[in-house]
Amino acid sequence: MAAALLSNVTDHASLPSSYVRPESQRPCLEEVITNANIPTIDLTSFDVVAQVAQACSSYGFFQVVNHGVEVELIQEMMEVALEFFRLPAEEKAKHYSDDPAKKMRLSTSFNIKKETVRNWRDYLRLHCYPLDEFVPTWPSNPPTFKEVVSTYCSEVRQLGMRLLRAISLSLELEEDYLVKVLGEQEQHMAINHYPKCPEPELTYGLQAHTDPNALTILLPDPTVAGLQVLKDGQWIAVNPQPNALVINIGDQLQALSNGRYKSVQHRAVVNKDKGRTSVASFLCPCNNAIISPPEKLITDGSPAMYRSYTYDEYYKKFWSKNLDDVHCLELFKS
Ligand SMILES: O=C(O)CCC(=O)C(=O)O
Ligand SMILES: [Fe+2]
């Protein structure tokens, strides 16, 4: 099974047809805007809430600096992620699974049982909260994996809570509104690895999608750009900044903000000369959290956009679909 992993092959001579997108769905790399970038917010600035409001309503994406996650830890996290994908095929095979219900699995593409065209990506998905429940199930190779990743997860969680409080305030809600509604949040991680690709203009590392969770904190590869964000119908390249983390609003914050903040489409493209690695941390509502727009954000001019639902219902629907299908939130419109 693990033979399916892209990272088991050092140099791919040509792009297998299963990865080739139809002409109308290719990335058109020459049309991507590379000199714009998403907003950067210094979390020590005095007007963080106003900057968050601006970034969330205009881009749904921003980078943060002075975010409190130690620089050495960020570097160690990236290093252990790279090391993991360099492990021998037999070692990686132990973790391989295509079943999205598994709480720890190494897989490839996105959802190979549902999709028609593959994505040029391998990924390791982990559940990360509570740590003492899940760390024992994680890979023990590389030997520093558990320690580095668990420390990174706790720091990122703290940052996530801080951001959720700023986002609540930016919506003129009580500071702990979102943290309370989301309940005992789950935390998932996707360590994405996109090897060098022989024909990057024909495929994606990860096709356009929105994140189904509440808030995502991405550690991008500092050496190569690849993440692109849709803004006013155009794809903007996110140029990684040293030690910055990339934040985006997921589907649940779009619903909980009654559509004021958008869970924006983004994608990862690949390139010929360099592999790329990214580490996405997803804060997810607890399964029985009720997602429903706050009274305060429902007005005559903006009625409730979505019906109430539990996150469990949403997440099951999300994984039962292919990313090419209609957007999952559309199915929850009131
Ligand atoms: O690799 C990236 O830059 C994006 C990853 C991503 O969007 C995801 O894992 O949901
Ligand atoms: Fe994503």
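See above for the structure.
Residues numbered from 1 in each chain as written. Chains lettered and ligands numbered in written order. Predicted model: local features only at pLDDT ≥ 70, side-chain atom pairs only at ≥ 80, totals over all residues. Heavy atoms only, no water.

### With respect to the sheet that holds strand S10 (residues 245-249)
In step 1: Pairing in this open sheet of eight strands is mixed, and the strands run S1-S2-S10-S7-S12-S5-S4-S3 from one edge to the other. Every other strand in the sheet has two partners, leaving strand S1 (40-42) and strand S3 (104-108) as the edge strands with one partner each. For this sheet the average axis-to-axis angle between neighbouring strands, irrespective of direction, equals 25°. (Pairing = 2+ DSSP bridges. Helix = DSSP H or I, 4+ residues; strand = E, 2+ residues; numbered from the N terminus. Axes fitted to C-alpha atoms, helices over the stretch in contact; angles between N-to-C directions.)

### Thoughts on the side chain of histidine 12
In step 1: For histidine 12, the location among the structural elements is in the segment before S1.
In step 2: From its side chain, histidine 12 meets the backbone oxygen of leucine 6 in a polar contact 3.0 Å long.
In step 3: Those residues within four positions of histidine 12 in sequence are excluded, and the remaining contacts are Leu6, Trp120, Lys196 and Pro198. (Polar contact = N/O pair within 3.5 Å; in protein donor to acceptor, adjacent residues only side chain to side chain. Contact = heavy atoms within 4.5 Å.)

### A short note on the coordination of the iron ion (ligand 2)
In step 1: Every protein donor of the iron ion (ligand 2) is listed here as His209 (NE2), Asp211 (OD) and His266 (NE2), and their distances to the metal cover 2.1 to 2.2 Å.
In step 2: Each donor residue of the iron ion (ligand 2) lies on the same chain, and together they follow the pattern H-x1-D-x54-H.
In step 3: Judged by relative accessible area, which is 11%, histidine 209 ranks as buried. (Donors = N, O, S within 2.8 Å, 3.2 Å for Na, K, Ca; no water. Buried < 20%, exposed > 50% of the residue type's maximum accessible area, 1.4 Å probe, protein only.)

### Observations regarding the nonpolar core
In step 1: Of all hydrophobic cores here, the largest spans 99 residues; its most connected members are Met77, Trp138, Tyr152 and Met189.
In step 2: Contacts of methionine 77, omitting those with residues within four sequence positions, involve Val148, Val149, Tyr152, Met189, Ile191, Leu219 and Val279. (Core = buried A, V, L, I, M, F, W, Y, C linked by side-chain atoms within 4.5 Å.)

### Focus on the site of ligand 1
In step 1: With respect to spatial proximity, the complete set of residues near ligand 1 consists of Asn192, Tyr194, Leu206, His209, Asp211, Leu218, Leu227, His266, Arg276, Ser278, Ala280 and Phe282.
In step 2: Between ligand 1 and aspartate 211 there is a distance of 3.3 Å, counted from an oxygen atom to a side-chain nitrogen or oxygen.
In step 3: One of the side-chain N or O atoms of serine 278 is found 2.7 Å from an oxygen atom in ligand 1.
In step 4: Protein chains shield 95% of the accessible area of ligand 1, which is 300 Å² for the free molecule.
In step 5: When residues of the shell around ligand 1 are traced back to their parent elements, those giving at least two are strand S5 (186-194), strand S6 (206-209) and strand S12 (276-284).
In step 6: Of the residues forming the shell around ligand 1, the biggest block, four residues, is contributed by S12.
In step 7: Of the residues belonging to the shell around ligand 1, the class tally is six nonpolar, four polar and two charged. (Near = heavy atom within 4 Å. Areas by Shrake-Rupley, 256 points an atom, 1.4 Å probe, with all protein chains shown as cover. Nonpolar A, V, L, I, M, F, W, Y, C, P; charged D, E, K, R; others polar.)

### Some words on the environment of threonine 144
In step 1: Checked against the element boundaries, threonine 144 lands in the loop between helix H4 (131-134) and helix H5 (145-170).
In step 2: Measuring from C-alpha to C-alpha, the distance between threonine 144 and glutamate 72 comes to 14 Å, with 72 residues separating the pair along the chain.

### A short note on the environment of asparagine 141
In step 1: With respect to the element layout, asparagine 141 can be found in the loop between H4 and H5.
In step 2: We classify asparagine 141 as partly exposed; its relative accessible area is 27%.
In step 3: Here the alpha-carbon distance between asparagine 141 and glutamate 83, two residues 58 residues apart in the chain, equals 9.0 Å.
In step 4: Excluding its chain neighbours within four sequence positions, the residues that come into contact with asparagine 141 are Phe84, Leu87 and Glu91.
In step 5: A polar side-chain atom of asparagine 141 sits 3.3 Å from a polar atom in the side chain of glutamate 91.

### Regarding H5
In step 1: Here H5 spans 36 Å end to end across 26 residues, near enough to the 38 Å set by a 1.5 Å rise per residue.
In step 2: Of the residues trailing H5, glutamate 172 is marked for its positive phi of about 60°. (Expected span 1.5 Å × (residues − 1).)

### Notes on the packing of aromatic side chains
In step 1: The tally for this structure, following the rule as stated, stands at 12 aromatic pairs.
In step 2: Note on phenylalanine 84 and phenylalanine 85: the rings are 5.2 Å apart at their centroids and 90° apart in plane angle, and the pair reads as edge-to-face.
In step 3: Look at phenylalanine 84 and you get buried, because its relative accessible area is 1%.
In step 4: The rings of Phe110, Tyr311, Tyr315, Phe318 and Trp319 are connected pair by pair, giving a single aromatic cluster.
In step 5: Positioned above the aromatic ring of tryptophan 235 is the side chain of arginine 267, whose terminal nitrogen or guanidinium carbon lies 4.2 Å from the ring centre. (Phe/Tyr/Trp six-rings, centres within 6.5 Å; stacked < 30°, edge-to-face > 60°. Lys NZ or Arg CZ within 6 Å of the ring centre and 35° of its normal.)

### Some details on the sheet that holds S6
In step 1: Read from one edge to the other, the open sheet built from four strands follows the order S6-S11-S8-S9, with strand pairing classed as antiparallel. Since the sheet does not close on itself, it has two edges, and those belong to S6 and strand S9 (234-237), each with one partner. Taken over all neighbouring pairs, the strand axes of this sheet differ in orientation by 20° on average, direction set aside.
In step 2: When S6 meets strand S11 (residues 266-268), the two strands line up antiparallel, connected through two bridges. Each bridged residue has a counterpart across the sheet, and for leucine 206 the counterpart in S11 is alanine 268.

Take it as geometry only, folks, not as evidence of what the structure does.
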